[in-house]
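Tertiary structure, described
Chain by chain, the residues run as shown.
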Amino acid sequence: YTRDRRPRRFLAAVLENRHLRALFLPELGGRLWSLVDKATGRELLEVNPVFQPANLSVRGAWFSGGVEWNIGIKGHVPHTVSPLFAARVQGPGGTPALRLYEWCRIRQTPFQIDAMLPDDSRVLLVRVRIVNPLDVPVDMYWWSNIAVPETPGMRIIAPAHSSYYNDYTSGRFSEAPVPVQGGEDRTYPAAAQRAADLFFKLPPIRRPWVTALDAAGGGLVQCSTAMLKGRKLFHWGDTPGGRNWQAFLSDGTRRYMEIQAGLGRTQEEYLSMPPGRWEWLEAYGPMQTDPAVAHGSDWQAAIRSEERRVGKECRSRW
């Protein structure tokens, strides 16, 4: 937990094609640490310039940045700062894949993350598999937590018109419309005063998605097959506490927030997993859209615009 910083090396696994370069850290929970759009040189994730664990999560050690894979229990996965097993395998059609895998000791279930970047793909594909080898159901939990830079004018768009909202003042969720509640547009995290969770209530759709777009209409999109139905926005807000936490977890020069995707509607619930296997596919990639539509007052038009682009990039992948 100290701030005695010095250069340090980590093992990295890299997937790359002509469109994207993805870097994973197998020693640190297999975290997807960087995703670069090679056409523009843009880093799509929040890449923390320091590795700075803090006394957070059930493990008592957590660090910010990249995409964190959370299984088993609420409060960030216990092995978030521990190595996962890693192997080079072949995906569909012989595509090289990075397999990250471990045994969830809490739920007694193995899980694996297969990351693939086919030659012509503009999105990084991540296939997650959880197996319940027991004869009884187990309580299951999964959230992919995606850190992105928080820039002025950034908007988070997901195909929802209502949400479960918690700003940590009452200790419970309230149902709130999206995007505007009480005169405040909650889809602009940089304008938020307080730290808050906003869980989008997505309708049953084949391809759930969420995107973080800057003032110019560019940014990151994450979509998945239907099983991963939850989508969330978390931001620190602009209070002294929120600013201090971000400085404490980094080098004091950056602001970030998270968009997240999970099995449940919120992070306060577990799903009963019967004996057998659960599997879904996620996709991560760049998004560029018309800023006048993405940041316009017509929320439904913004959703339709993003939906078309999500379908164009991801339709052929599953």
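Not measured: the values here are computed from a predicted model.

A word on the packing of aromatic side chains. Scanning the model with the defined rule gives 14 aromatic pairs in all. Seen from their ring centres, Trp245 and Phe248 are 5.7 Å apart, and the 90 degrees between their planes marks the pair as edge-to-face. Of this pair, Trp245 and Phe248 both sit in helix H1 (residues 240-249), three residues apart, which is roughly one turn of the helix. Judged by relative accessible area, Trp245 falls into the partly exposed class, the value being 33%. Above the plane of the ring of Phe63 lies Arg31, whose end atom (NZ or CZ) is 3.7 Å from the centre. The ring of Tyr270 is capped by Arg107, whose NZ or CZ atom sits 4.9 Å from the centre of that ring.

Right, let's talk about empty space enclosed by the protein for a bit. One pass over the full model with this rule turns up three cavities of 30 Å³ or more. In this structure, the largest cavity occupies an estimated 40 Å³ of space. Every residue along the wall of the largest cavity is listed here: Tyr165, Glu184, Asp185, Arg186, Tyr188, Ala191, Ala192 and His235.

If you look at the biggest cluster of nonpolar residues, it comprises 72 residues, and the most contacted ones within it are Phe24, Leu35, Trp69, Leu124, Trp142, Ile156 and Phe200. Looking at which element gives the most residues to this core, the answer is strand E23 (residues 276-288), with six residues.

With that settled, consider the environment of Val14. Positionally, Val14 belongs in strand E1 (residues 13-16). Dropping the residues within four chain positions of it, Val14 is found in contact with Arg21, Ala22 and Leu23.

The next subject is the pattern of salt bridges. For the coordinates displayed, the defined rule picks out 19 salt bridges. The shortest N-O distance in the salt bridge between Arg6 and Asp4 comes to 2.7 Å. A salt bridge links Arg105 to Glu102; its shortest N-O distance comes to 3.7 Å. Residue Glu102 is classed as buried on the basis of its relative accessible area, which comes to 13%. Salt bridges sharing common partners tie together Arg127, Arg129, Arg277 and Glu279.

This part covers the sheet that holds strand E6 (residues 85-90). Spatial ordering of the open sheet is given by E6-E7-E8-E9-E23-E19-E18-E12, a layout of eight strands whose pairing is antiparallel. Sheet topology places E6 and strand E12 (155-157) at the edges, where each strand pairs with a single neighbour. On average, adjacent strands in this sheet sit at an angle of 20 degrees to one another, irrespective of strand direction.

When its volume is computed, the largest pocket comes out at roughly 560 Å³. Lining the largest pocket we find 25 residues, and of these His76, Tyr168, Asp197, Lys232 and Gln267 sit closest to its centre. The greatest single-element share of the lining of the largest pocket, amounting to three residues, is contributed by strand E21 (residues 256-262). Taken together, the residues that form the lining of the largest pocket break down as twelve nonpolar, eight polar and five charged.

The omega torsion across Val178 and Pro179 is 10 degrees, close enough to zero to call that bond cis. With respect to the helices and strands, Pro179 occurs in the loop between strand E14 (174-177) and strand E15 (180-181). In this structure, Tyr168 is a non-glycine residue whose phi angle is positive, near 70 degrees. Summarising the element assignment, Tyr168 is placed in the loop between strand E13 (162-166) and E14. Classification of Tyr168 by relative accessible area gives partly exposed; the value is 41%.

Of all the positions in H1, only Gly242, Gln246 and Leu249 are classed as buried. End-on view of H1: buried residues confined to an arc of 75 degrees, all on one side of the axis. Relative to its buried face, H1 has exposed residues pointing more than 90 degrees away, namely Pro240 and Asn244. For H1, the elements touching its buried residues are E21.

Among the five residues of strand E18 (residues 209-213), five are classified as buried, and the element is accordingly described as predominantly covered. Where burial is concerned, the two faces of E18 agree: the one with Trp209, Thr211 and Leu213 and the one with Val210 and Ala212 are both buried. Examined bridge by bridge, E12 and E18 share three bridges and lie antiparallel to one another. Across the sheet, the residue bridging to Ile156 is Ala212, located in E18. Of the pairings in the sheet, the one linking E18 to strand E19 (residues 218-224) comprises five bridges and is antiparallel in character. Counterpart to Trp209 in the pairing with E19 is Cys223. In this structure, the hairpin formed by E18 and E19 is closed by a connection of four residues, where Gly217 is found at a positive phi of approximately 85 degrees.

Cut-offs applied
- Residues numbered from 1 in each chain as written.
- Predicted model: local features only at pLDDT ≥ 70, side-chain atom pairs only at ≥ 80, totals over all residues.
- Heavy atoms only, no water.
- Phe/Tyr/Trp six-rings, centres within 6.5 Å; stacked < 30°, edge-to-face > 60°.
- Helix = DSSP H or I, 4+ residues; strand = E, 2+ residues; numbered from the N terminus.
- Buried < 20%, exposed > 50% of the residue type's maximum accessible area, 1.4 Å probe, protein only.
- Lys NZ or Arg CZ within 6 Å of the ring centre and 35° of its normal.
- 1 Å grid on protein atoms, 1.4 Å probe; cavity = no way out; pocket = protein on both sides within 12 Å on 5 of 7 lines; lining within 4 Å.
- Points joined across faces, edges and corners; volume = space filled by probe spheres on them.
- Core = buried A, V, L, I, M, F, W, Y, C linked by side-chain atoms within 4.5 Å.
- Contact = heavy atoms within 4.5 Å.
- Salt bridge = Lys/Arg side-chain N within 4 Å of Asp/Glu carboxyl O.
- Pairing = 2+ DSSP bridges.
- Axes fitted to C-alpha atoms, helices over the stretch in contact; angles between N-to-C directions.
- Nonpolar A, V, L, I, M, F, W, Y, C, P; charged D, E, K, R; others polar.
- Arc of directions from axis to C-beta.

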